[in-house]
Amino acid sequence: MHVVVEVEEKNAVLRSRAFKRASSQPPFGLLKMAPVETDLYDLLGVSPDASEAEIKKAYRQKAKEHHPNINDPAAGQKFQEMAAAYETLNDPELRHMYDLGGMEGLNGPGAGMGGMDAADLFAQFFQASGGGAQFGFDFGAGGAGPSRRRGKGQDAVIPHTVTLDELYNGKTLKLNMEKEAVCGTCKGSGARGSAKAKACSICDGKGWTNAQTSHGTYLTTSRVACSNCDGTGEKLREKDRCKRCKGEKVVKEKNRQEVVIEKGMADKQRIILPGAGDEEPGTPAGDVIFVLRLTPHESFERSGSDLLTNVTITLSEALFGFSRILITHLDGRGVHVTSPPGKIIKHSDTIILRGEGMPVHKQPDTKGDLYLTFTIEMPDDAWLKTVDKKTLLSLLPPKKADIQPRPEIVTTAAFEEADIEEFGEGDEDDWVEDDEEDEFGGAGEPECRPQ
Ligand SMILES: [Zn+2]
Ligand SMILES: [Zn+2]
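Every value quoted in this text rests on a predicted model; they were computed, and no experiment measured them.

A. View of the environment of His361. Here His361 is to be found in the loop between strand 17 (359-360) and strand 18 (363-367). With 15 C-beta atoms packed within 10 Å, His361 lands in the partly exposed category. Sequence spacing of His361 and Glu262 is 99 residues, and the spatial spacing of their C-alpha atoms is 7.0 Å. Other than its neighbours up to four places away in sequence, His361 contacts Glu262, Gly264 and Met265.

B. Structural detail: unusual backbone geometry. In this model, Gln404 is joined to Pro405 through a cis peptide bond whose omega is -10°. For Pro405, the position within the fold is in the loop between helix 9 (389-395) and helix 10 (431-440). A positive phi is found at Lys187, a non-glycine position, where the angle reads about 55°. Here Lys187 shows up in the loop between strand 4 (171-182) and strand 5 (198-199).

C. Summary view of the sheet that holds strand 3 (residues 156-162). Strand order in this open sheet of three strands is 3-11-10, and the pairing throughout is mixed. Taken across any chain shown, the strands that pair with only one partner, and hence form the sheet edges, are strand 3 and strand 10 (270-273). Recorded for the sheet is a direction-independent mean angle of 25° between the axes of neighbouring strands. Where strand 10 meets strand 11 (residues 288-294), four bridges bridge the pair, whose relative direction is antiparallel. Across the sheet, Ile272 pairs through a bridge with Ile289, a residue of strand 11.

D. Quick peek at helix 2 (residues 52-65). The terminal C-alpha atoms of helix 2, which comprises 14 residues, lie 20 Å apart, in line with the 20 Å expected from a rise of 1.5 Å per residue. Along helix 2, the residues classified as buried are Lys56, Ala58, Tyr59, Lys62 and Ala63. An end-on view of helix 2 places all buried positions within 165° of arc, on one side of the element. Opposite the buried face of helix 2, at more than 90 degrees from it, the exposed residues are Ala53, Gln61, Lys64 and Glu65.

E. How the structure looks around the pairing of strand 18. As judged from the two bridges shared by strand 17 and strand 18, these two strands associate in the antiparallel manner. If you follow Pro359 over to strand 18, its bridge partner there is Lys367. Two successive antiparallel strands, strand 17 and strand 18, enclose a turn made up of two residues, where Lys362 displays a positive phi of approximately 75°.

F. Molecular detail of the nonpolar core. Of all hydrophobic cores here, the largest spans 19 residues; its most connected members are Ile158, Ile289 and Phe290. Going through the elements one at a time, strand 3, helix 6 (164-169), strand 11 and strand 19 (370-377) are the ones with two or more residues in this core. Ranked by residues supplied to this core, first place goes to strand 11 with five residues. Counting 17 residues, the second-largest nonpolar core is a separate cluster that includes Leu40, Phe79, Ala83 and Ala85.

G. Region of the structure containing the confidence of the model for the chain. For the chain, per-residue confidence averages 76 on the pLDDT scale, and 73% of positions sit at 70 or higher. The model gives residues 1-35 a pLDDT under 50, and that stretch makes 76 contacts with residues more than four places away or in other chains. Overall, residues 108-150 carries pLDDT values under 50, and its contacts beyond four positions in sequence, including any with other chains, amount to 92 contacts.

H. Summary view of the sheet that holds strand 12 (residues 301-303). Strand order in the open sheet made by the four strands is 12-13-19-16, with mixed pairing throughout. Edge positions in the sheet fall to strand 12 and strand 16 (350-353), since each of these pairs with one other strand and no more. Adjacent strand axes in the sheet meet at a mean angle of 30° when their direction is disregarded. Summarising the sheet, strand 16 and strand 19 pair through four bridges and their orientation is antiparallel. Paired with Ile352 across the two strands is Tyr371, which belongs to strand 19.

I. Structural view of the environment of Pro92. The topology assignment puts Pro92 in helix 4 (residues 92-107). By C-beta crowding, Pro92 is classed as exposed, having 9 other C-beta atoms within 10 Å. In this structure the C-alpha to C-alpha distance between Pro92 and Glu52, which are 40 residues apart in sequence, comes to 8.7 Å.

Each value, and the rule that gives it
Residues numbered from 1 in each chain as written. Chains lettered and ligands numbered in written order. Predicted model: local features only at pLDDT ≥ 70, side-chain atom pairs only at ≥ 80, totals over all residues. Helix = DSSP H or I, 4+ residues; strand = E, 2+ residues; numbered from the N terminus. Buried ≥ 20, exposed ≤ 12 C-beta atoms within 10 Å, placed from the backbone. Contact = placed C-beta atoms within 7 Å. Pairing = 2+ DSSP bridges. Axes fitted to C-alpha atoms, helices over the stretch in contact; angles between N-to-C directions. Expected span 1.5 Å × (residues − 1). Arc of directions from axis to C-beta. Core = buried A, V, L, I, M, F, W, Y, C linked by C-beta atoms within 7 Å. pLDDT = per-residue confidence, 0-100.

Structure below.
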């Protein structure tokens, strides 16, 4: 249900639109504003000129308050919205785009996000929900929502975590889904038999009531949807309600769906199940949209249809070559490679295995290339004790002499092994990042995730 309301904000009267409301949510918790939206700031309870640190701090605080709780689905929903808001505002570029154009700015074609729209962004943020289509997420977009949502029900965007193996080999997911379907007993009227709704007694049939909002030093009065009748202005009496849906017009419906992850699909790719989303009376059902979310692979990295991996070879192999199974591929196949005779392989040398990359989506018989970089494993100290050092030294290329021309001043430093991770430690610019990783587990992600 999208309702247009008027909000008086400072000197301007701005037209606003509410979120589609889940039944567990209080109505009109959030209002859309134009031309400059502040919803995302409002979600975090900060002002639009808040500093990065203030946004972080507010998010931490809110994340604790709205921690997803299995007994309180509304909290989970709230948490998701807030987390998505944080994800946007914490990225300076996204925040700038949002400040300029609101959600539409994030969605717009010229938004410079490489084709990714806000729905993807939010979806990308969320963890897979384990197969249930439990949460839809609609950030709307002021008066100009994404056009694909117009004229039909709300789309449910469901992130689904995939491995690189699954994208290489393809996979069929069998899912049990639950969605809202128009009640068959009352055909979506919500009424029992031929009972008719009466004008709502709280709002006198207007559908809205006045609400006062505090903005620190001043109060604004705005119209909000009547919570008694959900803004419809009509209300069915208890005894006139449909027995099956209890006047809700929709019922929960379970079904099974198959989602095919095709070979060569990409990270963030959307798989759309048209019309599989929630139904509302009089509106075509929304879509269920799976957004693939690739988890990093421990040995392969993907870029388009190319793959990259690293192979460790011994010093003997580097010097004298090899002919062996170098890698186990993503389909479990071993790949045997022979190096050319007389070729010394140096650290970081790269070779290409043509046609061993990712399958191309929709043309799975065509594959990209596999790039292989080499790491040379040097023998260890124990090995050195077992060999005749003098002979070995005489066989190897000679050691280097002092730097020439010899510097005038030469000092002596002690040899001490170190950990490169400690390089730059104590640098003042670093400590904020470290602090954040402690709290969020790195990369600005929240410490908990909606289930
Ligand atoms: Zn019904
Ligand atoms: Zn009412």
